[in-house]
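# Residue-level structural notes
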Amino acid sequence: MMLKLFIDGAAGTTGLEIAERMAGRDEFRLITLSDADRKSVSARAAAIQDADFVILCLPDAAAREAVALGEGADTRFIDASSAHRVADGWTYGFAELRKGQREAIASARLVSNPGCYPTGFLALVAPLVAEDLLPADHGFIVNAVSGYSGGGKDLIQRMQVDAPEIGFRAYALGLEHKHLPEMQVHAGLSRAPIFAPAVVRAFRGMLVDVPLFLDPELGFADARTLHAALADHYAGEPLVTVAPIDAVPGELLVSENDPATDRLSLYVLPSADGSQVRLVAMLDNLGKGASGAAVQNLNIMAGLDELAGLRS
Ligand SMILES: NC(=O)C1=CN([C@@H]2O[C@H](COP(=O)(O)OP(=O)(O)OC[C@H]3O[C@@H](n4cnc5c(N)ncnc54)[C@H](OP(=O)(O)O)[C@@H]3O)[C@@H](O)[C@H]2O)C=CC1
Ligand SMILES: CC(=O)N[C@@H](CCC(=O)OP(=O)(O)O)C(=O)O
């Protein structure tokens, strides 16, 4: 049976990359709206009611509206926005994060995609907190850089056209960011991290860097134990790689025209004396950080090959 898929927000950055990954997928028939209709509430409502699956690639308010437009139908949703990431009734769409999560996604009607930065942070920290190898009451600091496509059409326009002189943009300087609740809740932390994100002059790509002092008296395990736990947690996961601890790279690069990838690479980078470590995640904000994750969740929910359409 062919499944009907509607991408609400299909003309946006995340929506377009999802459509690229769905090209040639004959298990699905894409419901499309004309440019004149793509923001029409009645046209969207009809598409949502008709679809088996809807992927929301919209601002938060429009994503909430879309879910309401599906009321009464059996339509299953994957929301790429941050509207439902800690909301009751929604399943967090990060299959690798904990045991049983993949199965929960498979049977859920409402799945929220993780944010791009939280994907990196949670991949590193959540399994280690869950195993009591990092203290849940620690004040984590998260330094991160993102390609500018992370800010959608508006930031792409600014970086490519309006302000091509910008090379590096630190932001969220008021220490507030919509990803903080998600990082805190899904890592099981007693307080929100300090989050210091920035944008660099590259279309896609992302580094999320969590530096730590490894004080055993404060509940921190040593770097080799942290690395072994992450390697064990992600063993057999096709999209997540934990780099060997003894092969520390000299540098990690985000380049202007990196190709798309749906992979997530994790690094445990200890100091020579073992007293400090940097936990670093490298991903594509539009890959495992958005569109790739949405397609992975769709595949899981539809009971199909989880990696179909993904970029390795
Ligand atoms: N870009 C990224 O790396 C990531 C994005 N996300 C999330 O995904 C969502 C989409 O982001 P992104 O693709 O970057 O954003 P874009 O701004 O590139 O795309 C959003 C699209 O939604 C359309 N839109 C806005 N309001 C409505 C509405 N009421 N009805 C129908 N369509 C509407 C916009 O129309 P128009 O073209 O006219 O502006 C645009 O095409 C956001 O919630 C974002 O936070 C999540 C993870 C990563
Ligand atoms: C570079 C940039 O602006 N990034 C966005 C986050 C992109 C993303 O992850 O979208 P969600 O917020 O839906 O998760 C930001 O910091 O707001």
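Residues numbered from 1 in each chain as written. Chains lettered and ligands numbered in written order. Predicted model: local features only at pLDDT ≥ 70, side-chain atom pairs only at ≥ 80, totals over all residues.

As annotated in an unreviewed UniProt entry, the protein carries the name N-acetyl-gamma-glutamyl-phosphate reductase and comes from Sphingomonas ursincola. For the record of the protein, the UniProt heading Catalytic activity (unreviewed entry) holds the text "N-acetyl-L-glutamate 5-semialdehyde + phosphate + NADP(+) = N-acetyl-L-glutamyl 5-phosphate + NADPH + H(+)". Listed under Sequence similarities (unreviewed entry) in UniProt, the entry text for the protein is "Belongs to the NAGSA dehydrogenase family. Type 2 subfamily." (UniProt positions renumbered as here; feature names shortened; annotations may be inferred.)

### Let's talk about the environment of Ser107
Position of Ser107 among the secondary structure elements: in helix α4 (residues 101-107). Expressed as a C-alpha distance, the spacing of Ser107 and Ala302, which sit 195 residues apart in the sequence, is 9.0 Å. (Helix = DSSP H or I, 4+ residues; strand = E, 2+ residues; numbered from the N terminus.)

### A few points about the sheet that holds strand β5 (residues 91-92)
Sheets are built from strands paired through backbone hydrogen bonds, the pairs being either parallel or antiparallel. Spatial ordering of the open sheet is given by β2-β1-β3-β4-β6-β5, a layout of 6 strands whose pairing is parallel. Among the strands making up the open sheet, the edge pair consists of β2 (28-31) and β5. Here 3 bridges tie strand β4 (residues 76-79) to strand β6 (residues 110-112), and the two strands are oriented parallel to one another. Looking at β6, one finds that Ile78 is bridged to Val111. Against the sheet, helix α3 (residues 60-69) contacts β1 (3-8), β3 (53-56) and β4, and its axis sits at roughly 165° relative to β3. (Pairing = 2+ DSSP bridges. Contact = placed C-beta atoms within 7 Å. Axes fitted to C-alpha atoms, helices over the stretch in contact; angles between N-to-C directions.)

### Observations concerning the sheet that holds strand β10 (residues 206-213)
The 7 strands are arranged β8-β9-β7-β10-β13-β12-β11 in an open sheet whose pairing can be described as mixed. Edge positions in the open sheet fall to β8 (168-170) and β11 (240-242), since each of these has one partner strand only. When the angles between neighbouring strand axes are averaged without regard to direction, this sheet yields 15°. Direction of pairing for β10 relative to strand β13 (residues 276-283): antiparallel, over a ladder of 8 bridges. What sits directly across from Val208, in β13, is Ala281. Running over the sheet, helix α8 (residues 223-233) touches β11, β12 (264-270) and β13 and is turned about 165° from β12.

### Brief notes about the site of ligand 1
Taken together, 26 residues sit near ligand 1, with Gly12, Thr14, Ser81, Gly152 and Ala290 positioned nearest. At the level of secondary structure, the elements contributing two or more residues to the shell around ligand 1 comprise α1 (13-22), α3, α6 (152-162) and α9 (287-301). Along the lines of polarity and charge, the residues of the shell around ligand 1 split into 9 nonpolar, 13 polar and 4 charged. Taken domain by domain, the makeup of the shell around ligand 1 includes at least three residues from each of domain 1 (3-114 + 290-301) and domain 2 (116-285). (Near = placed C-beta within 6 Å. Nonpolar A, V, L, I, M, F, W, Y, C, P; charged D, E, K, R; others polar. Domains from an automatic or database assignment.)

### A word on the site of ligand 2
Contacts to ligand 2 come from Ser81, Ser82, Gly115, Cys116, Tyr117, Ser146, Gly150, Gly151, Leu155, Lys178, Pro197 and Val199. Of all elements in the fold, only α5 (116-130) and β9 (194-200) reach the threshold of two or more residues within the shell around ligand 2. Broken down by class, the residue content of the shell around ligand 2 amounts to 5 nonpolar, 6 polar and 1 charged.

### Re the UniProt feature "active site" (unreviewed entry) in the protein
Within the UniProt annotation, "active site" (unreviewed entry) is assigned to Cys116. Relative to the helices and strands, Cys116 is located in helix α5. Under the C-beta neighbour-count criterion, Cys116 is labelled buried, with 28 such atoms within 10 Å. Look past the residues within four positions of Cys116 in its chain and what remains in contact with it is Ser146, Gly150, Met206, Asn285, Gly289 and Ala290. (Buried ≥ 20, exposed ≤ 12 C-beta atoms within 10 Å, placed from the backbone.)

### Some thoughts on the environment of Arg64
You can see Arg64 is positioned in helix α3. Through-space distance from the C-alpha of Arg64 to that of Asp79 is 9.2 Å; in sequence the pair is 15 residues apart.

### Some points on the packing of α5 against helix α7 (residues 180-187)
It is the contact of α5 with α7, at a shortest axis distance of 9 Å, that shows an interaxial angle of 25°. Relative to α7, the element α5 lies roughly parallel. As α5 packs across α7, the resulting crossing turns out to be right-handed. Between α5 and α7, the residues in contact are Pro118, Phe121, Leu122, Val125, Ala126 and Val129 and Glu182, Met183, His186 and Ala187, respectively. Of the residues contributing to the contact of α5 with α7, the split by class is 8 nonpolar, 1 polar and 1 charged. (Parallel < 35°, antiparallel > 145°, perpendicular 65-115°, else oblique. Left-handed = near helix turned anticlockwise from the far one by under 90°.)

### Thoughts on the UniProt feature "domain: Semialdehyde dehydrogenase NAD-binding" (unreviewed entry) in the protein
With numbering aligned to this structure, UniProt lists the feature "domain: Semialdehyde dehydrogenase NAD-binding" (unreviewed entry) at residues 4-105. Structurally, residues 4-105 is divided into 34% helix and 19% strand, and its ends, taken at the C-alpha atoms, are 19 Å apart.

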